[in-house]
Amino acid sequence: MSPKPNLTALISVSDKTGILEFAQALHALNVRLLSTGGTAKLLADAGLPVTEVADHTGFPEMLDGRVKTLHPKVHGGLLARRDLPEHMAAAAQHGISMIDILAVNLYPFEATVAKPGCTLEDAIENIDIGGPAMVRSAAKNWKDVTVLTDASQYAQVLAELQADGRTSDKTRFAASVAAFNRIAQYDAAISNYLSARTEAGSTLSEYPGQMNSNFIKVQDLRYGENSHQTAALYRDLYPAPGSLVTAKQLQGKELSYNNIADSDAAWECVKSFDVPACVIVKHANPCGVAVAANAAEAYAKALQTDPTSAFGGIIAFNREVDGAAAAHVSKQFVEVLMAPSFSAEALEIFKAKVNVRLLQIDLPAGGATPWQQGRNLVDSKRIGSGLLLQSADNHFLKKQDLKIVTTLQPTAQQLDDLMFAWTVAQYVKSNAIVFCGGGMTLGVGAGQMSRVDSTKIAAIKAANAGLELKGSVVASDAFFPFRDGVDVLADAGASAVIQPGGSMRDEEVIAAANERGIAMVFTGVRHFRH
């Protein structure tokens, strides 16, 4: 059977993944091939009949290849509307033949500027001009032209050409949208890079003069924080491995806006631990965190902190949920359960809990701090007609960074618990006070305007759960401005406290700790979370 299509394809790609096989398949379908430079050579060396664009236009490539496709015979062939007689007449008058398929990917600007030591000259020479111009022309004329900007699109186009001799309206429109999205991403990367310089030759600023962001919609959500608000979930163009948006939902109802926000808080917290850990979150705050020998023990300890708040909460593990852990968790009403993996026994247990949302998030393997990978590098917050950007709070404290400021020295066990408490406090809304002991939270005070009130609330939470605070340790996300906070936690039974230090009244606060027989260590770093 003779090939159906009688079309022309222009192929000019920087990334040549799959392009030879694509061109061979097009040739087998009687598609005429046009190409440029290295792509044309690749096709010709493979024995394909290919016409160089310079021969097609009658105008040579020039200026070191900066000008090769910027010609009416190229753009006229892409932009001419086949349904308008005046367009076709003008094309015929000037000897312009139609181009039906355009396969173009762009100079690797993003990859170039990501390389250490990239110079401004290197970056400039990797700004594609002819490629984006052709892509825009073809994408604008999507009813007549199929534009391909990624190798993943080749198979669908070939399948339709082989079956029907042409591509469908649906495919061409989707390809047009993808093409304009790619151009937007490309131009954003160029703008971000160049506007981070105040002048030629200057070093890059951490924050560009114009911030252009690209996010891809994952799904529409039923509603936002409240039912009268609309919402959708988007992900970064290139999401980090081990981040929440890479999760695979194994079962359960559709995730809500609040589910996702709380799940992110739980997942970021549990990734901070390199031993088996469980984090339970309610309304964006950890209400129970623990480390243990295995997932089941960690959950049992975390639940003790505040079983009332844990009802209907979000639970995250940094280890596989096995049958033992699943048996415990399944007794509790839980909205979302997430982990790197679930055993077959655990999945079988949760089959009976059809509404529980199970999320599997593959964590990066290896590395010195595998649980700390997949974090945001920059955080953002919308304000009225504006955007606040900051480097993410990815500071990880080491024991050697601690400064012991009291006469009483913390014991080895207290130091371990202080480090644990400090890690948890980083994920609690300010003002944050966290009582801990034995690798688990005992009381959490979050989001109060007064640090003293947060301390009182944390103590009340512990009392309500029947947990003893005598001998516990405490983390405060910011310094104590007065000694009253120290007195309150001492009255509750704390024996050691970790805090940033840096108050004008540090000496008064240290004196209070010495007076009350409490060991105190400074971190030199605070962890406000608003």
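Residues numbered from 1 in each chain as written. Predicted model: local features only at pLDDT ≥ 70, side-chain atom pairs only at ≥ 80, totals over all residues. Heavy atoms only, no water.

Chemist: Could you give an account of the overall build of the chain, with specific residues and numbers?
Modeler: If you tally the helices and strands in the chain, you get 19 helices and 21 strands. Radius of gyration (C-alpha) of the chain: 30 Å, far over the 24 Å computed for a compact globule of 530 residues. Its C-alpha atoms give the chain principal-axis dimensions of about 95 × 60 × 45 Å. Roughly 25300 Å² of accessible area belongs to the chain as shown, and the carbon and sulfur atoms make up 54% of that amount. On the chain, the mean spot of the 47 positive side-chain charges and the mean spot of the 54 negative ones are 4 Å from each other. (Helix = DSSP H or I, 4+ residues; strand = E, 2+ residues; numbered from the N terminus. Rg over C-alpha atoms; globule rule 2.2 N^0.38 Å. Areas by Shrake-Rupley, 256 points an atom, 1.4 Å probe, with all protein chains shown as cover. Lys, Arg positive; Asp, Glu negative; His and termini not counted. Charge placed at Lys NZ, Arg CZ, Asp CG, Glu CD.)

Chemist: Explain the domain arrangement of the chain to me, and be specific about the residues and the numbers.
Modeler: On domain assignment, one finds that the chain holds domain 1 (8–196), domain 2 (222–363) and domain 3 (399–522). With centres defined by C-alpha atoms, the gap from domain 1 to domain 3 works out at 62 Å. (Domains from an automatic or database assignment.)

Chemist: Describe in detail the pattern of salt bridges, supporting the description with residues and values.
Modeler: Applying the stated criterion to the full structure yields 17 salt bridges. Put simply, Lys248 and Asp362 hold a salt bridge, and the shortest N to O gap is 3.2 Å. Residue Lys248 is located in strand S8 (residues 248–251), and its partner Asp362 is located in the loop between strand S13 (357–360) and strand S14 (378–383); the two are separated by 114 residues in the primary sequence. Classification of Lys248 by relative accessible area gives partly exposed; the value is 42%. Asp362 sits in the partly exposed class, given a relative accessible area of 41%. Among the salt bridges present, the one from Asp306 reaches Lys461, with a minimum N-O distance of 3.1 Å. Taken as a pair, Asp306 in the loop between helix H12 (295–305) and helix H13 (307–310) and Lys461 in helix H17 (residues 451–464) lie far apart in primary sequence, 155 residues in all. Three or more residues are tied together by salt bridges with common partners; here these are Arg483, Asp487, Asp491, Glu515 and Arg516. (Salt bridge = Lys/Arg side-chain N within 4 Å of Asp/Glu carboxyl O. Buried < 20%, exposed > 50% of the residue type's maximum accessible area, 1.4 Å probe, protein only.)

Chemist: Outline helix H4 (residues 72–79), supporting the account with residue identities and numerical values.
Modeler: Among all positions in H4, only Val74, His75, Gly77 and Leu78 are buried. One face of H4 carries all of its buried residues, which in axial projection span an arc of 160 degrees. Packing partners of the buried residues in H4 comprise strand S1 (8–13), helix H3 (53–57), strand S4 (101–105) and helix H8 (130–140). (Arc of directions from axis to C-beta. Contact = heavy atoms within 4.5 Å.)

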